[in-house]
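# Notes for the structure review
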Amino acid sequence: MLDLHRLKALYAVATYGSVGAAAEALMVTPSAISQQLAKLEKETGAVLVERNGRGVKLTDAAGLLAEHAEKILALVETAEADFEALRGAVVGRLSIAAFPTAARGIFPAALKLLNEQHPDLGMLFWEREPERQIREVTRGEIDLAVVQDWLNRPMAIPEGLSRAALLDDVADIAVPADHPLADRREISLSELPDDRWITSAPGTVCHDFLLFLVRSAGKEPDIVCMADEYPTQLALVAAGHGHALIPRLGRGVLPEGVRAIPILPRPTRRIYALWRTDAARRPAIRAAVDALRTVCGQLETTLELV
(Lines give C-alpha, C1' and ligand atoms only; values in the text may rest on other atoms or scores of the structure.)
Protein backbone atom coordinates (compact mmCIF):
# COMPACT_ATOMS: atom_id res chain seq x y z
CA MET A 1 0.00 0.00 0.00
CA LEU A 2 1.28 3.45 -0.87
CA ASP A 3 2.18 5.67 2.07
CA LEU A 4 0.55 9.13 2.04
CA HIS A 5 3.58 10.89 3.52
CA ARG A 6 5.78 9.49 0.75
CA LEU A 7 3.29 10.47 -1.92
CA LYS A 8 3.24 13.98 -0.44
CA ALA A 9 7.04 14.14 -0.63
CA LEU A 10 7.01 13.03 -4.28
CA TYR A 11 4.28 15.51 -5.17
CA ALA A 12 6.22 18.33 -3.49
CA VAL A 13 9.35 17.50 -5.51
CA ALA A 14 7.30 17.41 -8.72
CA THR A 15 5.65 20.74 -7.83
CA TYR A 16 8.75 22.66 -6.70
CA GLY A 17 11.32 21.09 -8.97
CA SER A 18 13.95 20.07 -6.41
CA VAL A 19 14.42 18.16 -3.19
CA GLY A 20 15.59 21.30 -1.38
CA ALA A 21 12.56 23.37 -2.39
CA ALA A 22 10.21 20.52 -1.51
CA ALA A 23 11.86 20.20 1.90
CA GLU A 24 11.40 23.93 2.56
CA ALA A 25 7.72 23.78 1.60
CA LEU A 26 7.06 20.77 3.83
CA MET A 27 9.30 22.14 6.61
CA VAL A 28 11.51 19.06 6.78
CA THR A 29 15.13 18.39 5.86
CA PRO A 30 16.23 17.47 2.31
CA SER A 31 17.50 14.21 3.78
CA ALA A 32 13.99 13.38 5.00
CA ILE A 33 12.57 13.96 1.51
CA SER A 34 15.27 11.75 -0.04
CA GLN A 35 14.51 8.98 2.45
CA GLN A 36 10.80 9.14 1.66
CA LEU A 37 11.50 8.89 -2.06
CA ALA A 38 13.84 5.93 -1.53
CA LYS A 39 11.17 4.10 0.49
CA LEU A 40 8.56 4.92 -2.16
CA GLU A 41 10.81 3.37 -4.81
CA LYS A 42 10.92 0.16 -2.76
CA GLU A 43 7.14 0.18 -2.33
CA THR A 44 6.48 0.65 -6.05
CA GLY A 45 9.42 -1.34 -7.38
CA ALA A 46 10.12 1.50 -9.83
CA VAL A 47 12.93 4.01 -10.29
CA LEU A 48 11.47 7.42 -9.42
CA VAL A 49 14.48 9.74 -9.33
CA GLU A 50 17.66 10.03 -11.36
CA ARG A 51 20.76 12.07 -10.66
CA ASN A 52 20.89 15.28 -12.68
CA GLY A 53 24.07 17.21 -11.90
CA ARG A 54 23.85 18.21 -8.25
CA GLY A 55 20.11 17.66 -8.17
CA VAL A 56 17.64 14.97 -9.16
CA LYS A 57 15.25 14.47 -12.03
CA LEU A 58 11.95 12.65 -11.75
CA THR A 59 11.42 9.73 -14.10
CA ASP A 60 8.32 9.21 -16.24
CA ALA A 61 7.08 6.74 -13.63
CA ALA A 62 7.46 9.40 -10.93
CA GLY A 63 5.58 11.93 -13.04
CA LEU A 64 2.68 9.50 -13.47
CA LEU A 65 2.64 8.71 -9.76
CA ALA A 66 2.78 12.42 -8.88
CA GLU A 67 -0.34 13.05 -10.98
CA HIS A 68 -2.19 10.38 -9.02
CA ALA A 69 -0.73 11.70 -5.76
CA GLU A 70 -2.27 15.11 -6.42
CA LYS A 71 -5.71 13.56 -6.78
CA ILE A 72 -5.24 11.23 -3.79
CA LEU A 73 -4.09 14.03 -1.48
CA ALA A 74 -7.02 16.22 -2.57
CA LEU A 75 -9.46 13.38 -1.80
CA VAL A 76 -7.87 12.87 1.61
CA GLU A 77 -8.26 16.56 2.41
CA THR A 78 -11.91 16.49 1.33
CA ALA A 79 -12.54 13.38 3.44
CA GLU A 80 -10.94 15.03 6.48
CA ALA A 81 -12.98 18.19 5.97
CA ASP A 82 -16.22 16.20 5.63
CA PHE A 83 -15.44 14.19 8.75
CA GLU A 84 -14.67 17.30 10.79
CA ALA A 85 -17.87 18.94 9.50
CA LEU A 86 -19.87 15.86 10.50
CA ARG A 87 -18.45 15.97 14.01
CA GLY A 88 -19.00 19.73 14.17
CA ALA A 89 -16.01 20.11 16.48
CA VAL A 90 -13.18 22.60 16.07
CA VAL A 91 -10.35 20.08 16.26
CA GLY A 92 -7.39 18.88 14.25
CA ARG A 93 -4.48 21.01 13.12
CA LEU A 94 -4.73 24.35 11.32
CA SER A 95 -1.83 25.96 9.52
CA ILE A 96 -2.06 29.73 9.06
CA ALA A 97 0.19 32.35 7.47
CA ALA A 98 0.11 36.14 7.27
CA PHE A 99 2.16 38.94 5.75
CA PRO A 100 4.47 40.71 8.23
CA THR A 101 2.24 43.63 9.25
CA ALA A 102 -0.74 41.38 9.92
CA ALA A 103 1.49 38.87 11.69
CA ARG A 104 2.48 41.60 14.13
CA GLY A 105 -0.74 43.62 14.32
CA ILE A 106 -3.51 41.00 14.11
CA PHE A 107 -2.32 37.53 14.97
CA PRO A 108 -1.13 37.78 18.58
CA ALA A 109 -4.70 38.63 19.60
CA ALA A 110 -6.36 36.31 17.05
CA LEU A 111 -4.32 33.26 18.06
CA LYS A 112 -4.98 33.97 21.72
CA LEU A 113 -8.73 34.15 21.03
CA LEU A 114 -8.64 30.87 19.11
CA ASN A 115 -6.71 29.16 21.92
CA GLU A 116 -9.24 30.35 24.48
CA GLN A 117 -12.31 29.39 22.46
CA HIS A 118 -11.01 26.13 20.94
CA PRO A 119 -8.33 24.55 23.13
CA ASP A 120 -8.45 21.27 21.16
CA LEU A 121 -7.39 22.97 17.94
CA GLY A 122 -3.68 22.69 17.19
CA MET A 123 -2.25 25.62 15.25
CA LEU A 124 0.89 26.31 13.28
CA PHE A 125 1.52 29.92 12.31
CA TRP A 126 4.25 31.63 10.32
CA GLU A 127 4.99 34.85 8.49
CA ARG A 128 4.87 34.85 4.69
CA GLU A 129 4.66 37.39 1.87
CA PRO A 130 1.22 37.46 0.16
CA GLU A 131 2.35 36.00 -3.18
CA ARG A 132 3.93 33.00 -1.48
CA GLN A 133 0.88 32.49 0.71
CA ILE A 134 -1.41 32.29 -2.30
CA ARG A 135 0.76 29.61 -3.89
CA GLU A 136 0.91 27.63 -0.66
CA VAL A 137 -2.79 27.76 0.17
CA THR A 138 -3.62 26.78 -3.44
CA ARG A 139 -1.32 23.76 -3.20
CA GLY A 140 -2.67 22.72 0.17
CA GLU A 141 0.52 23.47 2.09
CA ILE A 142 -1.26 25.89 4.41
CA ASP A 143 -4.93 25.99 5.36
CA LEU A 144 -5.53 29.70 5.75
CA ALA A 145 -3.72 32.79 4.42
CA VAL A 146 -4.07 36.44 5.37
CA VAL A 147 -3.07 38.65 2.44
CA GLN A 148 -3.34 42.26 1.30
CA ASP A 149 -3.80 44.35 -1.79
CA TRP A 150 -4.35 48.04 -2.54
CA LEU A 151 -7.58 49.39 -3.98
CA ASN A 152 -5.93 50.30 -7.27
CA ARG A 153 -4.32 46.88 -7.68
CA PRO A 154 -6.65 43.99 -6.78
CA MET A 155 -4.82 40.74 -6.21
CA ALA A 156 -5.71 37.93 -8.62
CA ILE A 157 -7.18 35.02 -6.66
CA PRO A 158 -6.88 31.59 -8.32
CA GLU A 159 -9.91 29.42 -8.87
CA GLY A 160 -10.71 27.12 -6.01
CA LEU A 161 -10.07 29.70 -3.28
CA SER A 162 -12.60 31.56 -1.15
CA ARG A 163 -11.98 34.78 0.73
CA ALA A 164 -13.42 36.99 3.45
CA ALA A 165 -12.76 40.70 3.95
CA LEU A 166 -11.17 41.47 7.32
CA LEU A 167 -10.01 45.09 7.45
CA ASP A 168 -9.54 48.25 5.39
CA ASP A 169 -6.24 49.77 6.47
CA VAL A 170 -5.70 53.47 5.67
CA ALA A 171 -2.17 54.77 5.02
CA ASP A 172 -0.82 58.15 6.10
CA ILE A 173 2.30 60.02 5.08
CA ALA A 174 5.08 59.99 7.67
CA VAL A 175 7.28 63.11 7.64
CA PRO A 176 10.02 64.50 9.91
CA ALA A 177 8.69 66.66 12.74
CA ASP A 178 10.38 69.76 11.27
CA HIS A 179 8.78 69.26 7.84
CA PRO A 180 6.94 72.40 6.58
CA LEU A 181 3.63 70.49 6.53
CA ALA A 182 4.10 68.54 9.77
CA ASP A 183 1.37 70.47 11.62
CA ARG A 184 -1.30 70.05 8.94
CA ARG A 185 -4.40 67.99 9.78
CA GLU A 186 -4.43 66.50 6.26
CA ILE A 187 -2.79 67.11 2.91
CA SER A 188 -2.84 66.05 -0.72
CA LEU A 189 0.32 64.66 -2.26
CA SER A 190 0.37 67.46 -4.81
CA GLU A 191 1.14 69.87 -1.93
CA LEU A 192 4.44 68.23 -1.01
CA PRO A 193 7.35 70.62 -1.63
CA ASP A 194 9.71 67.73 -2.43
CA ASP A 195 9.39 64.10 -3.48
CA ARG A 196 12.10 62.20 -1.64
CA TRP A 197 10.53 58.90 -0.69
CA ILE A 198 11.37 55.93 1.50
CA THR A 199 9.60 52.73 0.52
CA SER A 200 9.95 48.98 0.08
CA ALA A 201 11.89 47.17 -2.63
CA PRO A 202 10.88 47.30 -6.32
CA GLY A 203 8.36 44.64 -7.29
CA THR A 204 6.57 44.66 -3.94
CA VAL A 205 2.91 45.65 -3.72
CA CYS A 206 3.68 48.66 -1.52
CA HIS A 207 6.44 49.95 -3.84
CA ASP A 208 4.17 49.71 -6.88
CA PHE A 209 1.30 51.40 -5.06
CA LEU A 210 3.51 54.33 -4.04
CA LEU A 211 4.54 54.86 -7.67
CA PHE A 212 0.89 54.79 -8.74
CA LEU A 213 -0.22 57.17 -5.98
CA VAL A 214 2.49 59.81 -6.46
CA ARG A 215 2.22 59.75 -10.24
CA SER A 216 -1.56 60.12 -9.94
CA ALA A 217 -0.83 63.40 -8.13
CA GLY A 218 1.19 64.61 -11.12
CA LYS A 219 4.61 64.02 -9.57
CA GLU A 220 7.51 61.63 -10.09
CA PRO A 221 8.78 60.07 -6.85
CA ASP A 222 12.47 60.34 -6.03
CA ILE A 223 13.04 57.10 -4.11
CA VAL A 224 16.13 57.58 -1.96
CA CYS A 225 15.86 54.68 0.55
CA MET A 226 14.34 51.21 0.34
CA ALA A 227 13.52 49.01 3.33
CA ASP A 228 10.83 46.36 3.66
CA GLU A 229 10.09 46.83 7.39
CA TYR A 230 7.96 49.81 8.40
CA PRO A 231 9.93 50.47 11.63
CA THR A 232 13.07 50.85 9.48
CA GLN A 233 11.28 53.23 7.13
CA LEU A 234 10.11 55.31 10.10
CA ALA A 235 13.63 55.45 11.52
CA LEU A 236 14.85 56.79 8.17
CA VAL A 237 12.05 59.38 8.18
CA ALA A 238 13.02 60.45 11.70
CA ALA A 239 16.59 60.96 10.49
CA GLY A 240 15.33 63.33 7.77
CA HIS A 241 16.04 61.18 4.72
CA GLY A 242 12.58 61.55 3.18
CA HIS A 243 8.95 60.68 3.79
CA ALA A 244 7.08 57.39 3.63
CA LEU A 245 3.60 56.01 3.07
CA ILE A 246 2.81 53.98 6.20
CA PRO A 247 -0.39 51.96 6.78
CA ARG A 248 -1.84 52.53 10.23
CA LEU A 249 -1.77 48.84 11.13
CA GLY A 250 1.92 48.73 10.34
CA ARG A 251 3.25 51.77 12.09
CA GLY A 252 2.74 51.15 15.81
CA VAL A 253 4.01 53.92 18.07
CA LEU A 254 5.64 56.65 16.01
CA PRO A 255 9.29 57.30 16.87
CA GLU A 256 10.23 60.68 18.26
CA GLY A 257 10.71 63.23 15.50
CA VAL A 258 8.07 61.77 13.13
CA ARG A 259 4.57 63.03 12.32
CA ALA A 260 1.86 61.08 10.48
CA ILE A 261 -0.49 63.17 8.32
CA PRO A 262 -3.71 61.85 6.73
CA ILE A 263 -3.80 62.10 2.92
CA LEU A 264 -6.65 63.11 0.61
CA PRO A 265 -7.94 60.97 -1.00
CA ARG A 266 -7.39 58.21 1.57
CA PRO A 267 -5.02 55.49 0.25
CA THR A 268 -6.37 52.18 1.50
CA ARG A 269 -5.21 48.59 1.43
CA ARG A 270 -7.56 45.67 1.94
CA ILE A 271 -6.75 42.77 4.20
CA TYR A 272 -8.58 39.48 3.80
CA ALA A 273 -8.41 35.77 4.56
CA LEU A 274 -8.07 33.06 1.91
CA TRP A 275 -8.73 29.33 2.10
CA ARG A 276 -9.41 26.46 -0.29
CA THR A 277 -13.10 26.29 -1.11
CA ASP A 278 -13.06 22.49 -0.75
CA ALA A 279 -11.92 22.90 2.87
CA ALA A 280 -14.61 25.43 3.78
CA ARG A 281 -16.66 22.75 5.55
CA ARG A 282 -13.99 22.44 8.24
CA PRO A 283 -15.24 24.01 11.47
CA ALA A 284 -11.63 25.04 12.17
CA ILE A 285 -11.58 27.26 9.07
CA ARG A 286 -14.82 28.95 10.08
CA ALA A 287 -13.59 29.42 13.65
CA ALA A 288 -10.33 31.00 12.49
CA VAL A 289 -12.12 33.40 10.14
CA ASP A 290 -14.55 34.36 12.92
CA ALA A 291 -11.65 35.05 15.30
CA LEU A 292 -9.87 37.17 12.70
CA ARG A 293 -13.03 39.17 12.02
CA THR A 294 -13.55 39.77 15.74
CA VAL A 295 -10.00 41.06 16.23
CA CYS A 296 -10.07 43.17 13.06
CA GLY A 297 -13.43 44.66 14.08
CA GLN A 298 -11.84 45.81 17.33
CA LEU A 299 -8.81 47.16 15.48
CA GLU A 300 -10.90 49.12 13.00
CA THR A 301 -12.12 51.54 15.67
CA THR A 302 -8.63 51.89 17.11
CA LEU A 303 -7.05 52.62 13.72
CA GLU A 304 -9.63 55.31 12.93
CA LEU A 305 -8.46 57.14 16.03
CA VAL A 306 -4.74 56.90 15.21
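Residues numbered from 1 in each chain as written. Predicted model: local features only at pLDDT ≥ 70, side-chain atom pairs only at ≥ 80, totals over all residues. Heavy atoms only, no water.

This next bit is on the overall build of the protein chain. Within the protein chain one finds eleven helices and eleven strands. In terms of overall dimensions, the protein chain has C-alpha extents of about 75 × 50 × 30 Å along its principal axes. The buried share of the protein chain, reckoned over its 306 residues, is 45%. In the protein chain, of all internal contacts separated by at least 6 residues, the share reaching a separation of at least 24 is 73%. Each charge class in the protein chain was averaged separately, 34 positive and 41 negative side chains, and the resulting centres sit 2 Å apart. (Helix = DSSP H or I, 4+ residues; strand = E, 2+ residues; numbered from the N terminus. Buried < 20%, exposed > 50% of the residue type's maximum accessible area, 1.4 Å probe, protein only. Contact = heavy atoms within 4.5 Å. Lys, Arg positive; Asp, Glu negative; His and termini not counted. Charge placed at Lys NZ, Arg CZ, Asp CG, Glu CD.)

A few words now on the domain arrangement of the protein chain. For the protein chain, the assigned domains are domain 1 (4-84) and domain 2 (90-305). Facing the ten residues of domain 1 at the interface are 14 residues of domain 2. Contact between domain 1 and domain 2 buries roughly 1100 Å² in total, counting both sides, with carbon and sulfur atoms accounting for 46%. For the pair domain 1 and domain 2, the interface holds zero salt bridges. Secondary-structure elements contributing two or more residues to the side of domain 1 that touches domain 2 are α1 (4-16), α2 (19-26) and α4 (60-87). Among the elements that make up the side of domain 1 that touches domain 2, the one with the highest residue count is α4 (five residues). Here the residues of the side of domain 1 that touches domain 2 sort into four nonpolar, two polar and four charged. (Domains from an automatic or database assignment. Buried area = accessible area lost by both parts, 1.4 Å probe. Salt bridge = Lys/Arg side-chain N within 4 Å of Asp/Glu carboxyl O. Nonpolar A, V, L, I, M, F, W, Y, C, P; charged D, E, K, R; others polar.)

Attention now moves to unusual backbone geometry. In this structure, the amide linkage connecting Leu264 to the following residue, Pro265, adopts the cis form with an omega of -10°. Mapping Pro265 onto the fold places it in the loop between β10 (258-261) and β11 (268-276).

The subject of this paragraph is the pattern of salt bridges. Applying the stated criterion across every chain yields a total of 13 salt bridges. For Arg270, the salt bridge identified is with Asp149, shortest N-O distance 2.9 Å. One end of the pair, Arg270, is in strand β11; the other, Asp149, is in strand β5 (residues 144-150), and 121 residues separate them in sequence. Ionic pairing is found between Arg251 and Asp172, a salt bridge with its closest N-O pair at 2.8 Å. In this pair, Arg251 is assigned in helix α10 (residues 248-251) and Asp172 in strand β6 (residues 161-176), connecting sequence segments 79 residues apart.

For the rest of this paragraph, the subject is the nonpolar core. Of all hydrophobic cores here, the largest spans 34 residues; its most connected members are Ile106, Phe107, Leu144, Val146, Leu166, Ile271 and Leu292. Considering each element in turn, this core owes the most residues, eleven residues, to helix α11 (residues 283-304). Setting aside residues up to four positions removed in sequence, Ile106 forms contacts with Thr101, Leu249, Ile271, Leu292, Val295, Cys296 and Leu299. Core analysis: the second largest hydrophobic core is formed by 28 residues, Trp150, Ala171, Ala182 and Ile263 among them. (Core = buried A, V, L, I, M, F, W, Y, C linked by side-chain atoms within 4.5 Å.)

Bringing the environment of Ala103 into the picture now. With respect to the helices and strands, the residue Ala103 is situated in helix α5 (residues 100-105). Taking the C-alpha atoms as reference points, Ala103 and Val146, 43 residues apart in sequence, are found 8.8 Å from one another. With residues near it in sequence (within four places) discarded, Ala103 still touches Ala98, Pro108, Phe125 and Glu127.

Moving on, we get to a negative patch on the surface. Together, Glu127, Glu129, Glu131 and Asp228 line one region of the surface with negative charge. One can find Glu129 in the loop between β4 (121-127) and α7 (130-139). Residue classification places Glu129 among the partly exposed residues on the basis of a relative accessible area of 46%. (Patch = residues over 30% accessible without salt bridge, like charges linked within 9 Å, V, L, I, M, F, W, Y side chains within 5 Å. Areas by Shrake-Rupley, 256 points an atom, 1.4 Å probe, with all protein chains shown as cover.)

Turning to the pairing of β6, a few remarks are in order. Most of β6 sits out of view: 13 of its 16 residues are buried. Note: β6 against β11, nine bridges, orientation antiparallel. Within β11, the position partnered with Ala164 by the bridge is Ala273. (Pairing = 2+ DSSP bridges.)

Glancing now at the packing of aromatic side chains. Across all of its chains, the model carries three aromatic pairs by this definition. Ring centres of Phe107 and Phe125 lie 4.6 Å apart, and the angle between their planes is 20°; on these two criteria the pair is classed as stacked. Here Phe125 lies in strand β4 and Phe107 lies in helix α6 (residues 107-117), a separation of 18 residues in the sequence. Phe107 sits in the buried class, given a relative accessible area of 2%. The interplanar angle of 35° and the centroid separation of 6.2 Å between the aromatic rings of Phe209 and Phe212 together place this pair among those described as tilted. Of the two residues, Phe209 and Phe212 both sit in helix α8 (residues 205-216), three residues apart, roughly one turn of that helix. Taken together, the aromatic side chains of Trp150, Phe209 and Phe212 make up a single cluster linked through ring pairs. One Lys or Arg, Arg163, reaches over the ring of Tyr272 and ends 4.7 Å from the middle of that ring. (Phe/Tyr/Trp six-rings, centres within 6.5 Å; stacked < 30°, edge-to-face > 60°. Lys NZ or Arg CZ within 6 Å of the ring centre and 35° of its normal.)

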